[in-house]
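Fold and contact review
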There are 2 protein chains.
Amino acid sequence: MTETVPRPTLEAVAALAGVSRATASRVVNGGDGVREPLVERVRRAVEELGYVPNQAARSLVTRRHDAVAVVVAEPETRVFADPFFALQLRGISKELTAHDNQLVLLLTEGRDDHARVGRYLAGGHVDGALVFSLHLDDPLPGLIRRAGVPTVFGGRPGWNDGERGDVVYVDSDNRGGARDAVRHLVGLGRGRVAHITGPLDQTSAADRLDGYRDVMADADPRLIVPGDFTPAGGERAMRTLLDHCPDVDAVFAANDLTAAGALRVLREQGRRVPDDVAVIGFDDMLPVAEQTDPPLTTVRQDIEGMGGLMARLLLRGHGDRVTAQAAGEVAGAGAAEEAGGGPSGVVLPTTLVRRASA
Amino acid sequence: MTETVPRPTLEAVAALAGVSRATASRVVNGGDGVREPLVERVRRAVEELGYVPNQAARSLVTRRHDAVAVVVAEPETRVFADPFFALQLRGISKELTAHDNQLVLLLTEGRDDHARVGRYLAGGHVDGALVFSLHLDDPLPGLIRRAGVPTVFGGRPGWNDGERGDVVYVDSDNRGGARDAVRHLVGLGRGRVAHITGPLDQTSAADRLDGYRDVMADADPRLIVPGDFTPAGGERAMRTLLDHCPDVDAVFAANDLTAAGALRVLREQGRRVPDDVAVIGFDDMLPVAEQTDPPLTTVRQDIEGMGGLMARLLLRGHGDRVTAQAAGEVAGAGAAEEAGGGPSGVVLPTTLVRRASA
DNA sequence: TTGAAAGCGCTAACAT
DNA sequence: ATGTTAGCGCTTTCAA
């Protein structure tokens with residue numbers, strides 16, 4: 001990996017253009033306060049030599065890196081099962097690219113890796129971090145806080161508010177979306193609306209359950225069955241449901257994958273969808289929701305948009321800590337900002353997408 | 001993103017330990033040639049101050065970055081549809097982490113981005129690159145070659161050999177795997193074995209088709225139907241197949257997703273699997289292959305292993321260009337090395353996994 | 001074995 | 001508006 005041909009330095013550019021290194025630097029960094037003829041000459045020299053600034057040298061003096069870490073905890077879980085993560089990554093990448101920032105990906109597998117990530121973030125290699133997939137007891141937030149790196153979390157963090165409140169996150173309106181879904185089911189005249197939950201140690205799953213409860217305040221507890229965001233979990237849950245409550249006439253599944261599993265069992269058991277049982281999912285994961293039989297009515301969230309927003313929030317916090325106020329400003333219309341103490345975040349709206357299953 | 005507390009420098013460590021900066025540096029970098037008592041003192045000082053080396057300063061002098069770029073072209077395509085990409089990424093990440101390298105992710109969306117990637121790679125920000133998802137006419141290889149960055153490609157590149165042969169890639173034995181699958185079908189006594197292809201501008205799809213042809217040299221051409229690696233494509237193809245060749249009794253699908261689509265149509269049309277029609281997929285994408293009805297017999301490839309191998313190949317090329325020879329050595333048992341001119345690569349073996357569909 | 005000193009390539013005061 | 005100069009924090013000769 002040796003550099004075969006030594007790359008040209010600013011010095012070389014300056015020499016060729018017949019100016020000082022300082023002037024050459026100014027031109028390379030935008031050219032403010034340099035007169036046109038010189039700018040032109042430097043530009044030409046840059047072109048001719050194929051000059052590319054040495055980022056290491058630049059960082060050494062500016063103490064900036066134009067790089068952001070994306071930390072994904074426990075990729076074994078959900079991350080690799082559905083395209084969720086990939087879509088967020090795409091949103092992030094687009095935004096970072098637009099601002100000339102690099103994306104440093106940090107995947108962690110269990111506890112040991114957390115220390116490594118902490119060290120890396122503390123090492124001042126990046127200007128900020130985007131952090132995903134935190135569970136309730138995750139030690140990462142603490143490490144990150146100590147590292148002193150500006151951070152935006154993906155999804156509402158689940159830890160206690162004891163951690164003090166200057167935590168910024170971006171999330172979908174899981175609770176509101178769930179409410180919409182369940183209301184739709186009720187509006188269809190369904191009286192026995194069940195819910196297959198996600199893993200409740202993730203806030204997204206917990207929030208969706210809360211949304212269900214908002215509408216079905218006094219539902220039969222047997223109508224709430226645990227799932228795990230996978231099709232297999234959805235199948236299991238649906239079997240349990242059919243067993244305990246054969247009169248169920250609607251199911252709100254915590255995500256599309258779960259709904260897909262439930263649909264399979266319903267068909268297998270000869271229940272017609274939506275005639276006998278109406279089904280709604282969550283996510284609007286296209287490859288899933290459009291492929292099911294029948295196509296899935298579901299709650300859409302703008303996953304790619306979430307990623308982009310996270311990046312924007314982080315970048316705009318430049319030179320400062322990322323604050324909830326800034327978050328609100330950047331998020332713009334459609335997003336709701338949480339009030340009061342505790343973690344503060346930007347919550348993106350969801351929309352119900354009607355297909356054939358409900 | 002201001003540095004609130006100035007991080008301790010090597011200077012500070014040296015001072016606290018009562019040694020010169022040079023000695024402190026030696027200890028931090030392994031401690032060779034420094035006597036034990038001093039090593040100990042420096043270590044303690046590092047600990048006490050929470051010293052972390054400034055990577056920018058280090059890179060400036062060493063001209064190394066301990067960072068590798070992962071370039072993924074056209075994420076809109078396959079990349080986000082199945083967990084393939086995520087698994088490779090995981091394999092890469094593990095390997096890089098084990099060697100204290102960082103992973104810089106470069107996602108591209110179309111032509112404009114290629115220039116950006118080229119510039120980045122040419123900028124000497126990373127020690128090497130891992131490149132994925134190249135299509136036949138991709139301009140990226142040229143840019144990369146010019147950038148002079150050591151590179152390993154994921155999957156056999158499809159461009160002409162005119163580009164000269166010192167290209168290293170890692171791939172699965174797509175052709176051999178396909179042969180195994182089709183032979184298995186034939187061994188089951190099936191005489192009308194069809195193939196639903198992938199997008200043939202990707203070498204993986206082309207190679208699988210070649211493997212099919214190796215066994216079914218004089219098959220009815222109508223038994224070969226184009227697909228696109230998606231379930232929808234698989235459905236379409238299966239319908240066409242049933243239309244044109246109602247007597248088909250086996251299908252080798254180019255990947256599991258395609259097979260899943262085909263299975264759906266078969267069930268819908270009342271054909272029993274595997275009794276009437278046997279089906280084999282490719283990939284052994286667990287969440288897909290185990291969830292289908294019936295569970296899918298398929299060709300397994302070690303996706304995560306491919307990623308890891310790519311990273312190992314690149315890292316071991318350290319200080320030198322990555323060569324096919326090195327590739328062979330690193331790959332070890334089970335891998336076949338391509339001989340002769342043209343792109344040279346390491347080909348990982350596949351295995352047939354029998355489930356219920358064939 | 002250890003230390004002194006010379007840069008790596010760049011930006012940012014400060015002078016002019 | 002442009003040039004001069006002093007580092008940024010580190011590794012690496014070279015001397016001792």
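Since the model is a prediction, treat every value here as computed from it, not as a measurement.

Topic: the interface of chain A and chain B
With 49 residues of chain A at the interface, the matching set in chain B holds 50 residues. Carbon and sulfur atoms make up 61% of the surface buried where chain A meets chain B, a total of about 4,200 Å² over both sides. Where chain A meets chain B, there are two salt bridges. Our count for the chain A to chain B interface comes out at eight residue pairs in polar contact (both at pLDDT 80 or more). Those elements giving two or more residues to the side of chain A that touches chain B turn out to be helix H4 (55-62), helix H5 (84-98), strand S2 (102-108), helix H6 (111-122), helix H10 (231-244), helix H11 (256-268) and helix H13 (303-316) of chain A. Ranked by residues supplied to the side of chain A that touches chain B, first place goes to H5(A) with seven residues. Within the side of chain A that touches chain B, the residues separate by chemical class into 24 nonpolar, 14 polar and 11 charged.

Some remarks on the protein's contact with DNA strand C
Around DNA strand C, 28 residues are found, and the nearest of them are A:Leu10, A:Tyr51, B:Arg26, B:Arg35 and B:Arg63. A share of 67% is what sugar and phosphate atoms reach among the atoms of DNA strand C within 4 Å of the protein. Residue A:Arg21 places a side-chain N or O atom 2.8 Å away from a base nitrogen belonging to DNA strand C. One nitrogen or oxygen atom from the side chain of A:Tyr51 is found 2.3 Å from a phosphate oxygen belonging to DNA strand C. Of all the elements in the fold, those that place two or more residues in the surface near DNA strand C are helix H2 (21-28) and H4 of chain A together with helix H2 (21-28) and helix H4 (55-62) of chain B. A total of five residues in the surface near DNA strand C trace back to one element, the largest contributor, which is H4(A). Split into classes, the residues belonging to the surface near DNA strand C amount to 13 nonpolar, eight polar and seven charged.

Observations regarding the nonpolar core
Formed by 48 residues in total, the largest nonpolar core has its most connected members in A:Val70, A:Leu105, A:Leu130, B:Val70, B:Leu105 and B:Leu130. Apart from residues no more than four positions distant in its own chain, B:Val70 is found in contact with B:Leu89, B:Ile92, B:Leu103, B:Val104, B:Leu105, B:Leu106, B:Leu130 and B:Phe132. One finds A:Ala67, A:Val126, A:Leu134 and B:Phe153 within the second-largest nonpolar core, a separate group that totals 40 residues.

Structural notes on the side chain of B:Thr203
Here B:Thr203 shows up in helix H9 (residues 203-215). If we ignore the near neighbours within four places in the chain, the residues touching B:Thr203 are B:Arg156, B:Pro157 and B:Gly158.

Concerning the relation of the copies chain A and chain B
The transform that puts chain A on chain B rotates by 180° and translates by 0.0 Å along the axis, for an RMSD of 0.1 Å. Taken together, these values place the two copies in the relation of a two-fold axis. Of the interface residues in chain A, 100% have counterparts in chain B that sit at the interface too, so the contact is made through matching surfaces.

A closer look at the protein's contact with DNA strand D
As a structural note, the neighbourhood of DNA strand D is formed by 28 residues, with A:Arg26, A:Arg35, A:Arg63, B:Leu10 and B:Tyr51 the closest of them. Among the atoms of DNA strand D close to the protein, meaning within 4 Å, 62% are from sugar or phosphate groups. Separating a phosphate oxygen of DNA strand D from a backbone N or O atom of B:Asn54 is a distance of 3.3 Å. The side chain of B:Arg58 places a nitrogen or oxygen atom 2.8 Å from a phosphate oxygen of DNA strand D.

Regarding the packing of aromatic side chains
Residue and element names in this part refer to chain A. Summed over the entire model, instances satisfying the criterion amount to two aromatic pairs over all chains. Consider the rings of Phe252 and Phe282, whose centres lie 6.4 Å apart with planes at 55°: the pair is tilted. Of this pair, Phe252 sits in strand S8 (residues 250-253) while Phe282 sits in strand S9 (residues 278-283), and the two are 30 residues apart along the sequence. The exposure classification of Phe252 matches that of Phe282, with both residues buried. Positioned above the aromatic ring of Phe282, the side-chain terminus of Arg208 is 3.8 Å from the ring centre.

How each quantity is defined
Residues numbered from 1 in each chain as written. Chains lettered and ligands numbered in written order. Predicted model: local features only at pLDDT ≥ 70, side-chain atom pairs only at ≥ 80, totals over all residues. Heavy atoms only, no water. Contact = heavy atoms within 4.5 Å. Buried area = accessible area lost by both parts, 1.4 Å probe. Salt bridge = Lys/Arg side-chain N within 4 Å of Asp/Glu carboxyl O. Polar contact = N/O pair within 3.5 Å; in protein donor to acceptor, adjacent residues only side chain to side chain. Helix = DSSP H or I, 4+ residues; strand = E, 2+ residues; numbered from the N terminus. Nonpolar A, V, L, I, M, F, W, Y, C, P; charged D, E, K, R; others polar. Near = heavy atom within 4 Å. Core = buried A, V, L, I, M, F, W, Y, C linked by side-chain atoms within 4.5 Å. Buried < 20%, exposed > 50% of the residue type's maximum accessible area, 1.4 Å probe, protein only. Least-squares fit on C-alpha atoms with pLDDT ≥ 70 in both. Phe/Tyr/Trp six-rings, centres within 6.5 Å; stacked < 30°, edge-to-face > 60°. Lys NZ or Arg CZ within 6 Å of the ring centre and 35° of its normal.

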